[in-house]
Amino acid sequence: MTKILKKLILIFEAKSLIHLIKIFLIFGLAGSLSLYLSELIYNYINIEDFVNIYIVKLFIKIIFLIIMYQITLLSIAIIFGEFKYFFKFFKKFLNRFKL
């Protein structure tokens, strides 16, 4: 195993290389799915009819994306049996916003 992989295992607190790959897979799936779902919700709500200012639209899209990412990350983590591991990330996220 290369030096870089060992360092990544330490950084992500993975148990093994397979666990690290599983973690990366969950992050990747959650990111892609959250982008897709947040866009669906944004279009379904049809924000374009209510907001004409581009910056406000962008802000709303980012808020949708952040919320969907947290939901999909935990959902996919449950499917892969890694809920406890990813719940730590969720708690860090909430602590940053003092929630």
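These remarks concern the structure in this document. Worth saying up front: this structure is predicted, and the values here are computed from it rather than measured. (Residues numbered from 1 in each chain as written. Predicted model: local features only at pLDDT ≥ 70, side-chain atom pairs only at ≥ 80, totals over all residues. Heavy atoms only, no water.)

### Thoughts on the environment of isoleucine 79
Summarising the element assignment, isoleucine 79 is placed in helix α3 (residues 54-79). Residue class for isoleucine 79 comes out exposed when judged on its relative accessible area of 69%. It is 12 Å that separates the C-alpha atoms of isoleucine 79 and leucine 25, two residues lying 54 residues apart in sequence. (Helix = DSSP H or I, 4+ residues; strand = E, 2+ residues; numbered from the N terminus. Buried < 20%, exposed > 50% of the residue type's maximum accessible area, 1.4 Å probe, protein only.)

### Regarding the nonpolar core
If you look at the biggest cluster of nonpolar residues, it comprises 13 residues, and the most contacted ones within it are Ala14, Ile23, Ile26, Phe27, Leu73 and Phe86. Mapped onto this core, the elements with two or more residues apiece are α2 (17-45), α3 and α4 (83-96). Top contributing element to this core by residue count: α2, with five residues. Excluding anything up to four places from it in sequence, isoleucine 23 contacts Phe12, Ala14, Tyr85 and Phe86. (Core = buried A, V, L, I, M, F, W, Y, C linked by side-chain atoms within 4.5 Å. Contact = heavy atoms within 4.5 Å.)

### As for the side chain of glutamate 82
Along the chain, the position of glutamate 82 falls in the loop between α3 and α4. Accessibility expressed as a relative area gives 10% for glutamate 82, which makes it buried. Here glutamate 82 is in contact with His19, Lys22, Ile26 and Ala77, once residues within four sequence places are set aside.

### So, the side chain of histidine 19
Among the structural elements, histidine 19 can be located in helix α2. With a relative accessible area of 8%, histidine 19 lands in the buried category. Of the polar contacts made by the side chain of histidine 19, one reaches the side chain of glutamate 82; its length is 3.0 Å. (Polar contact = N/O pair within 3.5 Å; in protein donor to acceptor, adjacent residues only side chain to side chain.)

### Some remarks on the packing of helix α1 (residues 3-11) against α2
Between α1 and α2, the shortest axis-to-axis distance is 10 Å and the interhelical angle comes to 70 degrees. On the basis of their axis angle, the class for α1 and α2 is roughly perpendicular. Between α1 and α2 the crossing geometry is left-handed. Here α1 contributes Leu5, Leu8 and Ile9 to the contact with α2, which in turn contributes Leu17, Leu20 and Phe24. Counted by class, the contact of α1 with α2 contains six nonpolar, no polar and no charged residues. (Axes fitted to C-alpha atoms, helices over the stretch in contact; angles between N-to-C directions. Parallel < 35°, antiparallel > 145°, perpendicular 65-115°, else oblique. Left-handed = near helix turned anticlockwise from the far one by under 90°. Nonpolar A, V, L, I, M, F, W, Y, C, P; charged D, E, K, R; others polar.)

Worth remembering: the numbers are spatial, not functional.
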